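# Secondary and tertiary structure notes
Read off the chains here:
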Amino acid sequence: MKAVGLVTEYNPLHKGHILHLDTSMELSGADVSVAVMSGDFVQRGEPAIIDKYTRTKWAVDCGVNLVVELPVKFALANAEQFATGAVLTLNALGVDAISFGSESGSITDMDYIADILANESDIYQLALKKELKSGASFPLARENAIASMNVMDKELLHSLLASPNNILGIEYLKAIKRHACPITPHTFKREGMRYNETFDDNSKESVYASAEALRHEIRRYCLAMDELASDIGTQDTDNYDAMIFETNDILQNIIKYIPEPSLDSFLNEMDKSMPIYKEDFNSIFNAKLRKILRDCNYNRKEAANVLLKYDGFNENLANRLIKYYDKNYDIDEFINLINDKSSTYTAISRAIFKFILGHKKNTRSEIDGTDIINDSDDDDIDGMLDNFKYGNISYVRILGLDDKGMEYLNTIRKSVPVPIITKTAGFENLLSDDIYASDLYNLAVWNVFEEDVPDEFHKGIYIKGKGFTGDPGEPVSNF
């Protein structure tokens, strides 16, 4: 069976994702689709709007044959690490092709840049270090370094490196090259709204909404529902009727972008276990940061040194975070307070959630390029850039599948070079980060909705037509 790999978040799943699935099957001529999906936290540096199991159900019900989880350390990482984890996972599962949407729609242009970044010639590395030493953030330093080589029109280069889906596409191509993966890449031009566009930004009717636009509308709907609930019994019936009309209008605008096979589940979860947002982790963030301060006897220099042990933090960011922390902060408010030109908003958000989840640096040092400190000497930067190149996976975790996905899994099972995990029990060591991430996510769901979400030992695998293999009272067995 020929398989095509999809790198996804489905946050939430919408009709544009179904276009991605259908187009990918057509471009690759594949028999089966394999989606590697972020779990409860996503690459933007925030929690997913709803838990990974519900998103898996949506995906499989809408035609994805096999869904596997991207480990949280890759899911909550910069573009290079995110892409590396996804590509290596798909490669382990023996996919023949990978397909992704992009603003460019041209594999040729993206592949040219991927070659430069994968090979990292001496000329490129010297130019990159020069830009980093000047104080540029990593994305800008990388673009300027490539531009200085005069290998491509600067406007084309900027358009490729300024667009998020192009950037991820280039990183997929780079990972394929660096790890010599026998995977054929395909891309197609994205349709509908841009990646970060909302309905407020786009007054034109669009067949395909962005996930960001839908998250924005879901927030509006839930806030409107809360306001309606608080106004029940008031005497202002005209205003109440107007609010009902507006709330229904928001809901109808959401519904038209949700695929029919997942619609009932989507509506069932709305305002019951969804949406979860960054601010739902404010208490956890503040509690963990205050504990560090207490453990350091409120010595801010020592507290900053503790933060340096966590992925995503450099000396500048750690010092700024501790310097400006003086109250219980909203995470979004705090990021905007400490943001400066050396790190992007998203990089800071990722660092904060890595801190919340306890992701510390290790000997492989998964360094975020945006975190390279500006006052490093050349040897420091050389070491960072060397470590920046490498990554690996140690397992593949199945989240859901249909009959065709089961058939494919059975055909490749013996050739997969890492454990294929279908139950948590017995793999606690490998899955410890994912288990903890899920536990904290479920805690947020409980705090917001008082909804008890089954933990990693009880939920199980989603099988189309059969449901989840877990039993509410017993740990899940192998399917």
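Provided above is the structure to which this section pertains.
Here we summarise the structure given alongside this text. (Residues numbered from 1 in each chain as written. Predicted model: local features only at pLDDT ≥ 70, side-chain atom pairs only at ≥ 80, totals over all residues. Heavy atoms only, no water.)

## Structural notes on the overall build of the chain
Rules: Strands here mean DSSP runs of E at least two residues long; helices mean DSSP runs of H or I at least four residues long; both are numbered from the N terminus. Accessibility here uses a 1.4 Å probe with only protein chains present; expressed as a share of the type maximum, an area under 20% marks a residue as buried, one over 50% as exposed, and anything in between as partly exposed. In this description, contact between two residues means that some pair of their heavy atoms is separated by no more than 4.5 Å. Residue burial considers only the protein chains on display, and all accessible areas are found by Shrake-Rupley using a 1.4 Å probe.
Scanning the chain for helices and strands turns up 20 helices and 11 strands. Counting every position in the chain, which comprises 479 residues, the buried fraction comes to 56%. Residue pairs in contact within the chain that sit at least 24 positions apart in sequence constitute 73% of those at least 6 positions apart. Surface summary for the chain: the accessible area is close to 20500 Å², and the carbon and sulfur share equals 48%.

## Remarks on the environment of Leu289
Within the element layout of this structure, Leu289 appears in helix α13 (residues 282-295). The spacing of Leu289 and Asn328 is 39 residues in sequence and 9.8 Å in space, taken between C-alpha atoms. If we ignore the near neighbours within four places in the chain, the residues touching Leu289 are Leu307, Leu321, Ile322, Tyr325 and Phe355.

## Describing unusual backbone geometry
For the bond from Asn11 to Pro12, the omega torsion is 0°, close enough to zero to count as cis. As for its placement among the helices and strands, Pro12 is situated in the loop between β1 (3-8) and α1 (15-28). Following Met274, the chain continues into Pro275 via a peptide bond in cis, with omega recorded as 10°. Within the secondary structure layout, Pro275 lies in the loop between α12 (260-269) and α13. Unusually for a residue other than glycine, Tyr298 sits at a positive phi of about 60°.

## Thoughts on the packing of aromatic side chains
Heads up, the condition is: Paired rings are identified among Phe, Tyr and Trp, the last through its six-membered ring, by centres lying within 6.5 Å, and are further divided according to the angle between planes into stacked (under 30 degrees), edge-to-face (over 60) and tilted (the rest). Charge-over-ring contacts are defined here by two conditions on Lys NZ or Arg CZ: a distance within 6 Å of the ring centre and an angle within 35 degrees of the ring normal.
Scanning all chains against the criterion turns up 15 aromatic pairs. Both rings, one in Tyr462 and one in Phe468, keep their centres 5.1 Å apart while their planes meet at 55°; by these two values the pair is tilted. With a relative accessible area of 25%, Phe468 lands in the partly exposed category. Connected via pairs of aromatic rings, a cluster forms that spans Phe285, Tyr310, Tyr325, Tyr329, Phe334 and Phe355. Over the ring of Tyr277 we find Arg219, and its NZ or CZ is 3.8 Å from the ring centre. In this structure, Lys288 packs its charged tip against the face of Phe355, placed 5.8 Å from the ring centre.

## With respect to a negative patch on the surface
Quick note on the threshold: A residue counts toward a patch only above 30% relative accessible area and without a salt bridge, and it is joined to like-charged neighbours within 9 Å or, for Val, Leu, Ile, Met, Phe, Trp and Tyr, to nonpolar neighbours within 5 Å. Salt bridge criterion: a side-chain nitrogen from Lys or Arg within 4 Å of a carboxyl oxygen from Asp or Glu. Under the counting rule used here, the positive set is Lys and Arg, the negative set is Asp and Glu, and His together with the chain ends is not counted. Here the site of a charge means atom NZ of a Lys, CZ of an Arg, CG of an Asp or CD of a Glu.
On the surface, Asp31, Asp96, Asp403 and Glu407 cluster together into a negatively charged patch. Examined against the element boundaries, Asp31 turns out to sit in the loop between α1 and β2 (32-38).

## Observations regarding the nonpolar core
Where we set the bar: Buried Ala, Val, Leu, Ile, Met, Phe, Trp, Tyr and Cys residues that are joined via side-chain atoms within 4.5 Å together make up what is termed a nonpolar core.
Formed by 62 residues in total, the largest nonpolar core has its most connected members in Ile113 and Tyr172. The leading source of residues in this core is helix α4 (residues 79-92), at eight residues. Setting aside anything within four residues of it in sequence, one finds Ile113 in contact with Ile146, Met152, Leu157, Leu160, Leu161 and Ile170. Within the second largest apolar cluster, 40 residues are counted, among which are Phe41, Val72, Leu76 and Tyr325.

## Thoughts on the pattern of salt bridges
This structure, assessed with the given rule, holds 23 salt bridges. With a closest N to O distance of 3.1 Å, Asp115 and Lys177 form a salt bridge. On the criterion of sequence distance, the pair formed by Asp115 in helix α5 (residues 107-119) and Lys177 in helix α9 (residues 164-178) is long-range, its members being 62 residues apart. Of the residues examined, Lys177 reaches a relative accessible area of 31% and is grouped as partly exposed. Here Asp295 and Arg294 are joined by a salt bridge, their closest N and O atoms 2.9 Å apart. Taking the relative accessible area as the measure of exposure, Asp295 reaches 43% and is therefore partly exposed. Look at Arg294 and you get partly exposed, because its relative accessible area is 47%. Salt bridges linked by common partners bring Glu80, Glu120, Arg142, Glu171, Lys174 and Arg178 together as one network.

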